[in-house]
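Letter by letter, the chains look like this.
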Amino acid sequence: MNCRAVALSDEEWLALMRRYDDDTGWGMPRRAGIEGGVVELSRHLGNLVRTDPSRFISLASEFGQDISSLYVSEFLKGLAESPAAPSLVFSACRTIWERRKEDPMVQKAICEAVSKRAKENI
């Protein structure tokens, strides 16, 4: 993925996440014009969240069912490993839980994020 992705708006990020969906994962047939896929873009998102959590925190409220669980998981991983205040991490986990609590991959990601930051006064 192009490193210019950091300058994208939330709407542009969401459009990319919808375009690079689970059908673009490893082992899936490549679509014309797609150089990367959901795995690569989700990891890039996680790295960006890790270094600039305040820029990306608003995405937490936008992760509906149309966004791959890989994005949500990498977002939470990046947030948990970021310098963000614990209250911000826990708030994002609650927000995502309300929208995606039936998704086992998201359930696991929330547990891992809370576990990483649990010593910081929940």
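Before reading further, recall that the structure is shown in the block above.
Residues numbered from 1 in each chain as written. Predicted model: local features only at pLDDT ≥ 70, side-chain atom pairs only at ≥ 80, totals over all residues. Heavy atoms only, no water.

On to the packing of helix H4 (residues 69–80) against helix H6 (residues 104–117). Working note: a packed helix pair is described by the angle between its axes plus the distance between those axes. Their axes nearest at 9 Å, the elements H4 and H6 cross at an angle of 0°. One way to sum up the angle between H4 and H6 is to call them roughly parallel. Within the contact between the two elements, H4 uses Ser69, Leu70, Val72, Ser73, Leu76, Lys77, Leu79 and Ala80 and H6 uses Met105, Val106, Ala109, Ile110, Ala113, Lys116 and Arg117. In the contact of H4 with H6, the residues fall into 10 nonpolar, 2 polar and 3 charged. (Axes fitted to C-alpha atoms, helices over the stretch in contact; angles between N-to-C directions. Helix = DSSP H or I, 4+ residues; strand = E, 2+ residues; numbered from the N terminus. Parallel < 35°, antiparallel > 145°, perpendicular 65-115°, else oblique. Contact = heavy atoms within 4.5 Å. Nonpolar A, V, L, I, M, F, W, Y, C, P; charged D, E, K, R; others polar.)

Overall, the coordinates contain 2 aromatic pairs when judged by the stated rule. Over the face of the ring belonging to Phe56 we find Arg55, whose NZ or CZ atom lies 4.4 Å from the ring centre. (Phe/Tyr/Trp six-rings, centres within 6.5 Å; stacked < 30°, edge-to-face > 60°. Lys NZ or Arg CZ within 6 Å of the ring centre and 35° of its normal.)

Once that is clear, we can look at the state of the cysteines. Counted according to the given criterion, the structure contains 0 disulfides. Its sulfur unpaired, Cys93 is 9.0 Å from the next cysteine sulfur, which belongs to Cys111. Residue Cys93 is classed as buried on the basis of its relative accessible area, which comes to 4%. Look at Cys111 and you get exposed, because its relative accessible area is 54%. (Disulfide = S-S within 2.5 Å. Buried < 20%, exposed > 50% of the residue type's maximum accessible area, 1.4 Å probe, protein only.)

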